[in-house]
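Next come the chains, spelled out residue by residue.
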Amino acid sequence: MAGVPPMASAQAPGPTGGGPPPGATGATGATGPAAAAGPMAAADPVGSLEGRPIASVTLRRPVEGREGEHEPLTGALEQLARNQVRSAAGAPLSRATVTQDISRLNRIGRFRTIRVEAQPLADGSAALVYTLTEQPLVEDVQVVGNRELSDQEILGALVTVIAGAPVDRFNIDRGARQIEDLYRARGFSAARVHVDERELEGSAIVIYRVIEGERVRVTAIEFVGNNSFTARELRPQIKTTTFIPLIEKAPLDDLVLGADLRALSEFYRDRGHLDVRVGVRTQLSLDGKEAKVVFDVDEGPLYTLRSIQPLYIRAEDIQRYRVEVLKDAQADVPYLTPEQMRQIGKRAYDAEQMSGMMSVKPGDVYSEARVRLSLLAIREAYGKLGYVVDHVAQPPVTVRIEPNPVRDERRPEVDLILLIEEGVPYLTGEVSVTGNERTKQQVIMRQVQVRPERPLDKTALDETQRRLEQLRLFKPGSVRVTMQPPAPSAPGHRDPLIEVAEDNTGEINFGAAIDTDAGVVGRFSIVQRNFDPLDPPESLADLPTSFRGAGQTASLELLPGTNVQTYLISLHEPYLLETNFSAGGKVLYYKRDYREFDEERYGGDISLGRRFGSQWRAELQLRNQWIQLSDIDEDAAADIFEFEDQRRVSALGLVLRRTTADNPYRPSSGMRLSLGAEQAGVLGGDFDFTKLSAEYTGFFSLYESFLGYKTVLKVEQRVGWIPTGQDSAPVYERLNLGGQSFRGFAVKGVSPRGLQRNGMPSDDAVGGSWMYFLGAEVNQPVYEDVMSVVGFVDTGTVEERFGFSEYRVSVGVGFRLYVRQLSPIPLAFDFGFPVLKEDSDRTRLFTFSVDVPF
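For every chain, the first residue of the written sequence is number 1, and numbering continues from 1 onward in sequence order. Side-chain atom pairs in this predicted model are given and counted only at pLDDT of 80 or more, local residue features only at pLDDT of at least 70, and totals for whole chains, interfaces and linings cover all residues. The basis for every side-chain value is the complete set of non-hydrogen atoms in the structure, without hydrogens or water.

Peer 1: I'd like a description of the confidence of the model for the protein, backed by residues and values.
Peer 2: Known as pLDDT, the predictor's confidence for each residue is given on a scale from 0 to 100. Averaged over all residues, the pLDDT of the protein equals 86, while 93% of them reach at least 70. Should any heavy atoms of two residues lie within 4.5 Å, those residues are considered in contact. The low-confidence segment residues 1-43, where pLDDT is below 50, has 92 contacts with residues more than four positions distant or belonging to other chains.

Below you can see the structure in the form of structure tokens.
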């Protein structure tokens, strides 16, 4: 560049200098003063030449040790820098483009300073030069002063600070904080890490100097000033724990203590103590290795909710009220009450309706958590009427609800004012679906819970998405149900758009399992969840993509095993002829080896179901099976020999179910109720008996952690009754408990015992005509949602006739292991201990199964 006139220039510092890279606006002199750019830096050279064609774009760097001399960038670094520059020869010179160039060059972190120079040329063009001072590279990363943690542990935690990376002070300082976090997790709350500045500047070697301090563990936790709640109630709210040898390390961690303060404050505010103040102090032992943590609580008064006052603040409504009701367009009316809203013909919830929706009522303790839940209920109520509420990120919003609690200055009471800006609700327009290349349109539309020209119910749209996801026909996370912006031709309507992505709905499964009831079972199955018998292939090549799209489920299952063998073919149509009826059928062969005999049955059944709303379902079932017993022990009960020959059971049954569970595989709330009646012999067969049943399973969330993991109580009750008497039904149709159905007892371990053919008592179960079971189980997550522990109590009886004279009770513990790759249902490992049993019962300590919720 020798011999050319001096060029106007501007300079920007690169990412060194103790913080993130600065913005590039000042770099070109376009919008602010340049940084240390020489006497011409502030003259905005690029701006004065803006619009001229660029003759050339040069990338260069200073020659080390030779001030004022430069050389071109070369190699990979030149290519990297060139990729960031959008200013090009032949294009007009632009301040904005140069600013963006510098911003991109700064972001890659390879340059200490970036200098831009522009020179006017005689032909009316301009030469553009970027002078880039390279950022030095880290020569090495070292740690000194560390005794408790090894170099490998510390350096392994540093991802961005490595040898060969650019010297980036922001990342280097962040690395120091990461090392402090490592020490804090080990109990060294006073650990501090500093960077050796002299070594970094002189040799580009990053040396972290560690001052470890003493390891401090928490040995006691105390609460002071907690008059309304006991320490036992407050302890679950905090993460700080106390030291337990071999179990809990309990390090003293300032960050955790800060989170504890916030959690305790929130706990109190959610219970009406709005003025609560919580502090924390630590008391160290003489050797500085143990600490007592004291939380100081100033609870303040207990606030109650005095009133709920909805006020409407939409400007158009207020002006209409002034003109139509007050006849004064200038009247001072800042808001409208529900009664005033009705005077102008606007629909509005009054205070009583609002209060009815809220879980917190006037006179209750003012709980911020319950207020949030109440506002959610009000927003959902608006959403059901077609309003787009303010917490939905799909504008335009048509109602906004802002809570404004007002405290009384003299008494601890709160008036909750709800400022509501209420517009016009939307009606549902045309529902459209995209992404379903194979699945038929009606399969998706069956699940749509909104209807054209009716209010656009947001809750119904959410339910639509949930139902489509539960079909398991589409890729996980791909189902989206959104409201499209209103069209100019129909401003009062919004069209729901359903977006899906087809998934592979066919499965070929190979596997094996061990079950304490069934033994070792192998499995080969072919399942198609989106079966369509009316979609045959046009050629052999089309076979892999044929028979799909109608939403039916077809399966072939082969399950050979040591104790149980099952082979079946089934087909299920959930929406028969596009109605609320369903239909299904299966053909099966089943064989099971019991202790006393082998049972073999084959046949099939057909079913016809009917849905009533979203929760109730009725199903009519017809089964026709042939059953035979073989390999009967010589000393088996006489009842077993009585039914040794092959017999036919033909029965017609009706089942009514109600399901409200929030998840079909791992429910945390809701219930399932089932009532059933079956009559054998209606359509022929060798037996004539009646069987009645009732089952209830309820799920209750006892506690939800900060991360959303729930402690769940499961309550289960089952009743079975053969009113025609025990002798009217064969042994393989009678009632029994044990195994998975009553933990602590073996399969058929809870059952009446028969007599041998010689009249002597037998140990063999012959089943009863009356069965009752009641159980409770608490499931507590211990590692995310992968593993949980359970405690349970199972109780019940099986007797020859109605009664509770031989009642059994067992208690136990176990754990659940959720392996997503194997099954959506957790594996169950349970240990049961009978505490009340009969002498003839057969017990079993361990039960392993799949934890099917119903």
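Picking up where we left off.
Peer 1: Please set out the sheet that holds strand E10 (residues 277-284) residue by residue, giving values where relevant.
Peer 2: Across the sheet, which stays open at both edges, the 3 strands sit in the order E9-E11-E10 with mixed pairing between neighbours. The outermost strands of the open sheet, each flanked by one partner alone, are strand E9 (217-224) and E10. Averaged over all pairs of adjacent strands, the angle between strand axes in this sheet comes to 20°, irrespective of strand direction. Across 7 bridges, the pairing between E9 and strand E11 (residues 290-298) is parallel. Residue pairing across strands places Phe223 opposite Phe295, the latter belonging to E11. One bridge is not enough; two strands pair if DSSP finds at least two bridges between them. In this description a helix means any DSSP run of H or I spanning at least four residues, a strand means any run of E spanning at least two, and both kinds are numbered starting from the N terminus. Axis lines are fitted to C-alpha atoms, over the contacting stretch for helices. Their N-to-C directions set the angle, which ranges from 0 to 180 degrees.

Peer 1: Now, about unusual backbone geometry: what can you tell me, with residues and values included?
Peer 2: The phi torsion at Glu453 lies on the positive side, around 70°, for a residue other than glycine. Here Glu453 is to be found in the loop between helix H13 (441-445) and helix H14 (458-470). Look at Phe547: it is not a glycine, yet its phi comes out positive at around 55°. Along the polypeptide, Phe547 turns up in the loop between strand E21 (519-531) and strand E22 (552-559).

Peer 1: Describe a nonpolar patch on the surface, with residues and values.
Peer 2: Only residues whose relative accessible area exceeds 30% and that take part in no salt bridge are eligible for patches, with like-charged residues grouped when within 9 Å of each other and nonpolar side chains (Val, Leu, Ile, Met, Phe, Trp, Tyr) grouped when within 5 Å. For every accessible area listed, the method is Shrake-Rupley and the probe measures 1.4 Å; residues are considered covered only by the protein chains on display. Salt bridge criterion: a side-chain nitrogen from Lys or Arg within 4 Å of a carboxyl oxygen from Asp or Glu. The grouping of Val793, Val811, Val813, Phe831, Phe833, Val835, Leu836, Leu845 and Phe846 at the surface amounts to a nonpolar patch, some 730 Å² of accessible area in total. Elements represented by at least two residues in the nonpolar patch include exactly strand E35 (808-817) and strand E36 (827-836). Broken down by element, the nonpolar patch gets its largest block of residues, 4 residues, from E36. Here Phe831 shows up in strand E36. Residue exposure (1.4 Å probe, protein chains only): buried if accessible area is under 20% of the type maximum, exposed if over 50%, otherwise partly exposed. What makes Phe831 partly exposed here is its relative accessible area of 33%.

Peer 1: So what's going on with the side chain of Thr464? Which residues, and what values?
Peer 2: With respect to the helices and strands, the residue Thr464 is situated in helix H14. Here Thr464 falls in the buried class, since its relative accessible area comes to 1%. Looking at Thr464, its side chain comes within polar contact range of the main-chain nitrogen of Gln449, at 3.0 Å. Any pair of nitrogen or oxygen atoms within 3.5 Å is treated as a polar contact; in protein, a donor-acceptor pairing is required on top of that, and neighbouring residues in sequence qualify only through side-chain atoms on both sides.

Peer 1: Give a detailed account of H14, specifying residues and quantitative values.
Peer 2: What a helix should span is 1.5 Å times the count of its residues minus one. The first and last C-alpha atoms of H14 sit 19 Å apart over 13 residues, in line with the 18 Å expected at 1.5 Å per residue. Of all the residues in H14, the buried ones are Ala460, Leu461, Thr464, Arg467 and Leu468. Mapping the buried residues of H14 onto a view down its axis gives an arc of 120°, with all of them on the same face. Of the surrounding secondary structure, the elements contacted by the buried residues of H14 are H13, strand E17 (480-483) and strand E19 (496-499). By the N-cap criterion, in which a side-chain oxygen at the helix start approaches the backbone nitrogen of a residue two or three places on, H14 is capped by Asp457, the distance to Thr459 being 2.9 Å. Remark: Arg472 follows H14 within two positions and exhibits a positive phi of approximately 60°. Taking the helix axis as origin, the arc is that swept by the directions to the C-beta atoms.

Peer 1: Got a sec to walk through the pattern of salt bridges? Specific residues and values, please.
Peer 2: Summed over all chains, the structure comprises 55 salt bridges. Salt-bridge contacts for Arg66 lead to Glu69; the nearest nitrogen and oxygen are separated by 2.8 Å. Of the residues examined, Arg66 reaches a relative accessible area of 48% and is grouped as partly exposed. The exposure class of Glu69 is partly exposed, given its relative accessible area of 37%.

Peer 1: Tell me about a negative patch on the surface, and name the residues and values.
Peer 2: Residues Asp593, Asp631, Asp633, Asp635 and Asp763 make up a contiguous surface patch of negative charge. By secondary structure assignment, the location of Asp593 is in strand E24 (residues 581-593). Counting rule applied: Lys, Arg positive; Asp, Glu negative; His and chain ends not counted. The atoms used to mark charge sites are NZ of Lys, CZ of Arg, CG of Asp and CD of Glu.

Peer 1: Go over the sheet that holds E17, please, and point to the residues and values.
Peer 2: Strand order in the open sheet formed by 3 strands is E16-E19-E17, with mixed pairing between adjacent strands. Strands with a single pairing partner mark the edges of an open sheet, and in this sheet they are strand E16 (432-434) and E17. Strand-to-strand, the axes of this sheet are offset by a mean angle of 20°, without reference to chain direction. Note that E17 and E19 share 4 bridges and pair antiparallel. By the bridge assignment, Met483 is partnered in E19 with Pro496.

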